[in-house]
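# A closer look at the structure
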Amino acid sequence: TPIRRLVIVQKDHPGFDDESNFIINSVKYTLYTREINNERANVANTLFMIDLCKKIAEKNKNVHIEIIVGEQLVEKGLHSLYGVGKGSDSPPALVVLSYKGNTANAEDVYAIVGKGVCFDTGGYNIKPTGSMETMYFDKCGAGSVIGAFRGVVEMGLKINLVAAVCLVENSISDTAQMPLDIVKTYKGLTVEIGNTDAEGRLILCDGLSWVQKHYKPHTIFDICTLTGAIIVSLGFEYTGLFSNDDTLATELTQVGDNCGELVWRMPISKEARLLIKSKYANVYNTSNAGPRAPGASVAAAFLELFIESNVKWAHLDIAGTSTGIAKPQGATGWGVIFLLNYYRQKQAQ
């Protein structure tokens, strides 16, 4: 639709209100996120992403940072995350930022976990030409988490928020993970690696488990470029939403409708849960029925195993909306506006 009327309002104008300020800031942090996500892999490796998180913590005294990197992941029991990234010279890491904006109720904690695969070759199940070149975008979930967290902190929203990013490069080397390896997750479940290119769920499961155990959120989201199957299902306009809570799913759908970052709820079926059964481990990291399975639901069924029964959870698959057709060239920064609108609604009154 062509713009027919444009009104420019200065901040000291009576027409400039809190809503105007929130919109401007939401755009600001979205642009910041696009810059992160558009960086190529030779710049935006895991150490680059760690440094971004450090800068947010250094600038804001009310932010605490926890960094677990390299062999420390093994020492802590985060074998699944470590296994994906161990084949790269850029060390795998879990970075957790926490912010207390609601000091009156310290137990009222929200959390987000982002997939930060700084480049994804597919591992030994290597991606073909035409599918690998843009895999520097496989960190878009982590970029959105960093951007949204920075927005929450710098806008002073009155919530307690924990933001974790799982950072790896999925590379091929003599130390890389092999197909059919069996790894132990932080939760204790064993996973048979049916496909090294189904790596996002392997890092997210440890990130989700770590945050739930050590930070005790009542509501947790993960945001990730997880499956090509969600693009087949929903295209480039809707993010795939999976959730264990009907009220939360309805609420998030409304948030998306209101702010323009749309979500569509997808099912986690009994069939999807059966398709991740393994003969040799607790779970298979991809479908045991081959490539024609419902891939997005299978991935969600895998992550569901790592959500505690008393925690509300939403899984946001942004594989189609993080970049796409009829959008800004490169990364869109999807999720920053969505998350900021949700967390603004959840502020302490």
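Our subject is the structure that appears above.
Below: a short report on this structure.

Criteria and thresholds
Residues numbered from 1 in each chain as written. Predicted model: local features only at pLDDT ≥ 70, side-chain atom pairs only at ≥ 80, totals over all residues. Heavy atoms only, no water. Helix = DSSP H or I, 4+ residues; strand = E, 2+ residues; numbered from the N terminus. Rg over C-alpha atoms; globule rule 2.2 N^0.38 Å. Buried < 20%, exposed > 50% of the residue type's maximum accessible area, 1.4 Å probe, protein only. Contact = heavy atoms within 4.5 Å. Phe/Tyr/Trp six-rings, centres within 6.5 Å; stacked < 30°, edge-to-face > 60°. Lys NZ or Arg CZ within 6 Å of the ring centre and 35° of its normal. Pairing = 2+ DSSP bridges. Axes fitted to C-alpha atoms, helices over the stretch in contact; angles between N-to-C directions. Parallel < 35°, antiparallel > 145°, perpendicular 65-115°, else oblique. Left-handed = near helix turned anticlockwise from the far one by under 90°. Nonpolar A, V, L, I, M, F, W, Y, C, P; charged D, E, K, R; others polar. Core = buried A, V, L, I, M, F, W, Y, C linked by side-chain atoms within 4.5 Å. Expected span 1.5 Å × (residues − 1). Arc of directions from axis to C-beta. Salt bridge = Lys/Arg side-chain N within 4 Å of Asp/Glu carboxyl O.

The number of helices and strands found in the chain is eleven helices and eleven strands. Radius of gyration (C-alpha) of the chain: 19 Å, near the 20 Å computed for a compact globule of 349 residues. If you line up the chain on its principal axes, its C-alpha atoms span 65 × 45 × 40 Å. Counting all 349 residues of the chain, 55% fall into the buried class. Of the contacts formed within the chain by residues at least 6 apart in sequence, a portion of 77% connects residues at least 24 apart.

Moving on, we get to the packing of aromatic side chains. For the structure on display, the rule yields ten aromatic pairs. These aromatic residues form a ring-pair network of at least three members: Tyr110, Phe221, Tyr342 and Tyr343. We note arginine 150 situated over the ring of tyrosine 32; from NZ or CZ to the ring centre the distance is 4.5 Å. Across the ring face of phenylalanine 22, the terminal group of arginine 344 is positioned such that the distance to the ring centre comes to 3.8 Å.

Right, let's talk about the pairing of strand E4 (residues 160-170) for a bit. Within E4, eleven of the eleven residues are buried, which leaves the element mostly enclosed by the surrounding structure. On E4, burial covers both faces: Asn160, Val162, Ala164, Cys166, Val168 and Asn170 on one face and Leu161, Ala163, Val165, Leu167 and Glu169 on the other are all buried. Bridge count for strand E2 (residues 93-100) against E4 is eight bridges, and the pairing is antiparallel. Residue lysine 100 lies in a different strand from E4, and its bridge partner there is asparagine 160. Direction of pairing for strand E3 (residues 109-120) relative to E4: parallel, over a ladder of ten bridges. From the neighbouring strand, aspartate 120 faces E4, where its bridge partner is asparagine 170.

Before going further, it helps to examine the sheet that holds E3. The strands that make up a sheet are held in pairs by hydrogen bonds between backbone atoms, and each pair lies either parallel or antiparallel. Ordered in space as E1-E2-E4-E3-E7-E11-E8-E9, the eight strands form an open sheet in which the pairing is mixed. What marks the edges here is a single partner per strand, and that holds for strand E1 (63-69) and strand E9 (263-265). Averaged over neighbouring strand pairs, the angle between their axes works out to 20° when direction is ignored. Of the pairings in the sheet, the one linking strand E8 (residues 239-243) to E9 comprises three bridges and is parallel in character.

The next thing to look at is the packing of helix H6 (residues 200-215) against helix H10 (residues 295-304). Relative to each other, H6 and H10 sit at 30°, their axes nearing to 9 Å. If you check the angle between H6 and H10, you find them roughly parallel. In this structure, the crossing between H6 and H10 has a hand that is right-handed. Facing H6, whose interface residues are Arg201, Leu202, Leu204, Cys205 and Leu208, H10 presents Val298, Ala299, Phe302 and Leu303. Partitioning the contact of H6 with H10 into residue classes produces eight nonpolar, no polar and one charged.

We now examine the nonpolar core. Formed by 55 residues in total, the largest nonpolar core has its most connected members in Phe149, Phe221 and Tyr343. Top contributing element to this core by residue count: helix H5 (residues 140-154), with eight residues. The contacts of tyrosine 343, once residues within four sequence positions are left out, are Tyr110, Ala111, Ile112, Val152, Leu157, Ile159, Leu161 and Phe221. Listed in part, the 53 residues of the second largest apolar core include Leu94, Val109, Val113 and Val168.

Let's shift gears to the sheet that holds strand E6 (residues 190-192). Spatial ordering of the open sheet is given by E5-E6-E10, a layout of three strands whose pairing is mixed. Because the sheet does not close on itself, it has two edges, and the strands there are strand E5 (182-184) and strand E10 (283-284). Both E5 and E6 contribute to a ladder of three bridges, which runs antiparallel. Across the sheet, the residue bridging to lysine 184 is threonine 190, located in E6.

With 21 residues, helix H1 (residues 18-38) extends 30 Å between its outermost C-alpha atoms, agreeing within 8% with the 30 Å of an ideal straight helix rising 1.5 Å per residue. Phe22, Asn25, Ser26, Tyr29, Thr30, Tyr32, Thr33, Ile36 and Asn37 are the residues of H1 that are buried. When H1 is viewed along its axis, its buried side chains cluster within an angular range of 160° and face the same direction. Of the surrounding secondary structure, the elements contacted by the buried residues of H1 are helix H2 (46-59), H5 and helix H11 (336-345).

Quick look at the pattern of salt bridges now. Within the structure shown, the criterion is met by twelve salt bridges. Its salt-bridge partner being aspartate 197, residue lysine 127 comes within 3.0 Å of it at the nearest N-O pair. Residue lysine 127 is found in the loop between E3 and H5, and its partner aspartate 197 is found in the loop between E6 and H6; the two are separated by 70 residues along the sequence. As a salt-bridge pair, glutamate 154 and arginine 150 come within 3.0 Å of each other at their nearest N and O atoms.

It is worth spelling out the environment of alanine 249 at this point. By secondary structure assignment, the location of alanine 249 is in helix H8 (residues 246-259). Placed 65 residues apart in sequence, alanine 249 and alanine 314 show a C-alpha to C-alpha distance of 7.3 Å. Other than its neighbours up to four places away in sequence, alanine 249 contacts Leu241, Ser243 and Arg265.

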